[in-house]
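# An overview of the molecular structure
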Amino acid sequence: MVAYSKPQSFMGMLLTVFLLLQVTVAFSHNAHSHPAHRSPAAMKAHLEDTRSMLTARAGKVTVKGAPDGQYPRLDIRELKKNADQWNLFLLAMERFQSKPKTDPMSYYQIAGIHGRPFVSWNDAGMQGGGGGYCPHGQNTFGSWHRPYLAIYEQALYLNAQEVVASFPRNQQQRWQRALTGLRIPYYDWAAEPPRGEGAIPTSIRDQTVAVTKPQGKVTIRNPLYSYTWGNSLPSEMGWGPSNGFPTTLRRPVSNPTRSNNNAVNAIFGQARVGWRQRVFALFASKQPWGYASTAAFGVKTIRSNADSFEAIHDDIHGTVGGTDGHMGYLDVAAFDPFFWLHHTNIDRLLTMYQLVASNTWVVPGKVNRDMAQWSAGKTNDANTPLVPWLKDNRGGVYSSNDIKETRVLGYYYPETQQRSARQVIQAVNRLYGMGERQLTKRDGEDAAPIYAGRPFQAGDYDTVLSVVGDKYAMPGSYQVHCFLGAQPANGTAPSHLPTGLVNGTAPTTKPVNGTTGNGTADYEYGFDSSYVGSHTFLGGSVAGSGNGSAPTLVEGCIPITAALQEKQANGELASLHPDHVEPYLKENLSYKIIGPNGQEFVPEDVPNFHVQVKSCEVEPATSDDELPGYKEYIELPRAHLPASTPWTYTPGPLDTTPDTPAETPEGYCVSQQTIHYVDPAGNFLYEEVSGM
C-alpha cells in the first residue's frame, strides 16, 4: 500500500549529496562573519537528525486521491446502478474496514484523524496541544475536509485494487473495468428521493448485503451500516457513546443496544424539506464562498443569510446520531460510514457553490480552540498548510489554494463537469427549488407528511428562525426543534405532540444549567404535523472548547417558509408578507432545546443562546438559468420567543469577523535563505527555509 522506507543505497547517496551541500554552504559562509561554527560532534548529531528526517519523509503518506485520472463522484443510488462497480465498492469497503489498526491507511486510522483517539497521524505531530485535526466552526472547515475525503478515497481505491487481484485471472479484466473511475459516492439528503423509496437508501440501512466474491455469491455484513472496533473499544479511544459500545450506532435504542435506522429514515423524510430550503436559500444568497461555508458567528453582516453549509452539515450529524449515537459527537463521528457519504455531499455542494460565487474562496479566520495542529488564536487563510495533508514526499502540505480545483485530487461532480455556473444553477433549481410533489405517508414511512412548499411568487418573503449558540456548551450535541401550532406554555412542545415514548424510558441525568423537561432519550419530535424543522449545535464528548470561558459561537437557521406557504394555501394566512407573518408567528411559533440524554433545557438557562425571527423579500427567478434574488433579512421582533431579547455581540479574541486580516498581505512569509535538496541525479527532493 504505502512505502515506509527507501533502500539504504538510496539513503547513502542522498546523504552524500547532503554532505556536499553542507561543504558548499560552509565555504559560502566564510564570506560572512559568524561568531561560532558547529563542532564535529554537533555536525555528527546534525547528520544523524538529517538521516532520520530523510528516512521518515521517504515513507510518509502523501494525499493523491484515486490514481487513475479524473472521474465523477456519483450519488449512491447512481453508483448502485452499475452492478459490478457497486459490488467492487462494497468489497473494497469491507477490506478497508478490516485492515489492521496499526496501518496508517486503515479505516481505523483515517477515521481517527478527525478526532479520537487524539493521536498524531503520519508523524504530523500534535503542535496545537489538543483534540483532533478537524477545524469545525472555522474558516477552513470546507477546504480541510477536501483532502481528508481524498485520502479516504485513495485508501478505498487501494483496497479495490487488492480485491481485483483476489479474483481468478480469467475474471480480473471484468473487475479491472469496474475499478476504472471508482470514486466514493455521496448521499444527497436534501433532494427528493425516487418515488416509492425512503429518504435514506436501503443500501445504507440494511444490516447485510449480497455480493459476488471469488468463491461466488455470498452475504456479508453491510460495511455502510456500521463500523466495528471488535469485541471492545480500544483503550486509546478513551471514550465512546452508549457506554463505549464497540460498534457505531445511529439514534440508538436499548435492550439490546442497537441502531434505529428506521427512525433515522423516517426523520430524514420529515427534515429533508427544511434542508432543501436551506440549501436553496444559500445558493440564492450568492454571498462569498468563505461566508457561506462556515458556521462561525460574526463572519457575516447581520443582514445577510445567517445560514451556512457547515450549519446544515451539523444538523445532519445530529439527526443521524440522536442523543447518543456516534454521528452526534465530533470526536467519533468519522467512524460511522454515514459520515463519509454525508461529507462527500457537503464537499459537492461547496464545489458547486464555488462556481456560483466565483472568484471567492477561504476568508482569513482565527483558530477558535486548541487542536492537534494549531493553537487557539492562530490566524489561518487560504495559504495556511492544511495539516496533516502532505502533497509530496518533500514535506509539502496542501493549502486551501492548492485544492481549490477538485480535479487536482482526481475527481469532480456531475454538476461541476462543465465548470459552468449555468450548469450548477440549473441543477440547484431542479434538485432544491421550492416546488416538488407533495409528500405522502408512504414517503415518510408512517410519519405525518410535511408540506413540500411551492415556487416563489412576486411579493413572497423567506422567513427563518435564526439560532446562535455556543458550539461546545454541552457534553455532546444539542438540538433546537421548531413547531408551528398553538403556542405552548412554558416553552414546551405543543400539547398535541405524541406523548408516548419510542423504545425508551425517561432519563435520570440532570441537564447542564437547565431543568428537566418532558424529553427522553428516545423521544422523537419530528412526527407531528406542527413540526417545522430543527438545528443542531454539534459538539464533542466534553463540554467547553478548552479556551476557558470563551464560547465558540456558531449560527444556523430553521426555515419556516414552506410551513407558512401551507398556512397560506389553507387560508390561515393572508400572505407571506411580514405584516401578516409576524403576528401569526407570535401566536403560533414555538421551539424547544433537547440536549444530552434527551433532556429539555430552558432556553434562557443555556449560556450564549439566542434566537431571532428574520425575513427577507424574494425576487422570483425568470428562468431555470437563474436563481431568485434574496434581499436583506430584517428582524421580526414582535414574534417574541424565549431567548429572543436583543443582545449586543462583541467579538472576542478568538472570533473571526469580516475584518480579520490574512497572516500577511502576501500569505506566508518566506525567509531569504532557502536550501534545496536533490538526489544523486540532480532531481529536486525538497527544500528547507532557514528560521522557519
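Procedures and definitions
- Residues numbered from 1 in each chain as written.
- Predicted model: local features only at pLDDT ≥ 70, side-chain atom pairs only at ≥ 80, totals over all residues.
- Heavy atoms only, no water.
- Buried < 20%, exposed > 50% of the residue type's maximum accessible area, 1.4 Å probe, protein only.
- Helix = DSSP H or I, 4+ residues; strand = E, 2+ residues; numbered from the N terminus.
- Pairing = 2+ DSSP bridges.
- pLDDT = per-residue confidence, 0-100.
- Contact = heavy atoms within 4.5 Å.
- Core = buried A, V, L, I, M, F, W, Y, C linked by side-chain atoms within 4.5 Å.
- Axes fitted to C-alpha atoms, helices over the stretch in contact; angles between N-to-C directions.
- Parallel < 35°, antiparallel > 145°, perpendicular 65-115°, else oblique.
- Left-handed = near helix turned anticlockwise from the far one by under 90°.
- Nonpolar A, V, L, I, M, F, W, Y, C, P; charged D, E, K, R; others polar.

## Observations regarding the pairing of strand β13 (residues 589–594)
With 6 of its 6 residues buried, β13 lies for the most part within the structure. Relative to β13, strand β10 (residues 478–484) runs antiparallel, the two being bridged by 6 bridges. For Phe-483, the partnering residue across the bridge sits in β13 and is Ser-590. In this structure, β13 lies alongside strand β14 (residues 600–601), joined through 2 bridges in antiparallel fashion. Paired with Ile-593 across the strands is Phe-601, a residue of β14.

## Considering the confidence of the model for the protein chain
Averaged over every residue, the pLDDT of the protein chain is 84; the share at 70 or more is 78%. Segment residues 52–56: pLDDT under 50, and 8 contacts once partners within four positions in sequence are set aside and those in other chains are kept. In the predicted structure, residues 439–446 sits below a pLDDT of 50 and forms 19 contacts with residues beyond four places in sequence or in another chain.

## Digging into the nonpolar core
Judged by nonpolar contacts, the single largest core of 125 residues is most densely connected at Tyr-148, Tyr-187, Trp-189, Phe-268, Phe-283 and Trp-389. Discounting residues that sit within four places of it in the chain, Tyr-187 has contacts with Asp-75, Ile-76, Ala-199, Ile-200, Pro-201, Ile-204, Phe-268, Phe-338, Leu-341 and Asn-345.

## Structural notes on the environment of Pro-559
Along the chain, the position of Pro-559 falls in strand β12 (residues 553–559). Note on Pro-559: relative accessible area 9%, which makes it buried. Linking Pro-559 and Gly-533, residues 26 residues apart in sequence, is a C-alpha distance of 7.3 Å. Here Pro-559 is in contact with Gly-274, Gln-277, Arg-278, Thr-463, Val-464 and Val-532, once residues within four sequence places are set aside.

## Describing the sheet that holds β10
On the basis of which strands lie adjacent, the open sheet formed by 4 strands has the order β11-β10-β13-β14 and antiparallel pairing. Each edge of the sheet is formed by a strand with only one pairing partner; in this case those strands are β11 (531–537) and β14.

## Here we look at the packing of helix α10 (residues 261–285) against helix α13 (residues 337–356)
For any two helices packed against each other, one specifies the crossing angle of their axes together with the interaxial distance. Interaxial distance between α10 and α13 falls to 10 Å at its minimum, and their mutual angle equals 25°. As summarised for this structure, α10 and α13 are arranged roughly parallel, according to the angle between their axes. In this structure, α10 meets α13 at a crossing whose hand is right-handed. In contact with Phe-268, Val-279, Leu-282, Phe-283 and Ser-285 of α10, α13 contributes Phe-338, Leu-349, Met-352, Tyr-353 and Val-356. Grouping the amino acids of the contact of α10 with α13 by side-chain chemistry returns 9 nonpolar, 1 polar and no charged.

## Side note on the environment of Leu-224
Examined against the element boundaries, Leu-224 turns out to sit in the loop between β3 (216–221) and α9 (241–244). Taking the relative accessible area as the measure of exposure, Leu-224 reaches 1% and is therefore buried. Separated by 17 residues in the primary sequence, Leu-224 and Gln-207 have C-alpha atoms spaced 8.4 Å apart. The contacts of Leu-224, once residues within four sequence positions are left out, are Ile-76, Trp-86, Phe-89, Leu-90, Met-93, Ser-203, Ile-204, Arg-250 and Pro-337.

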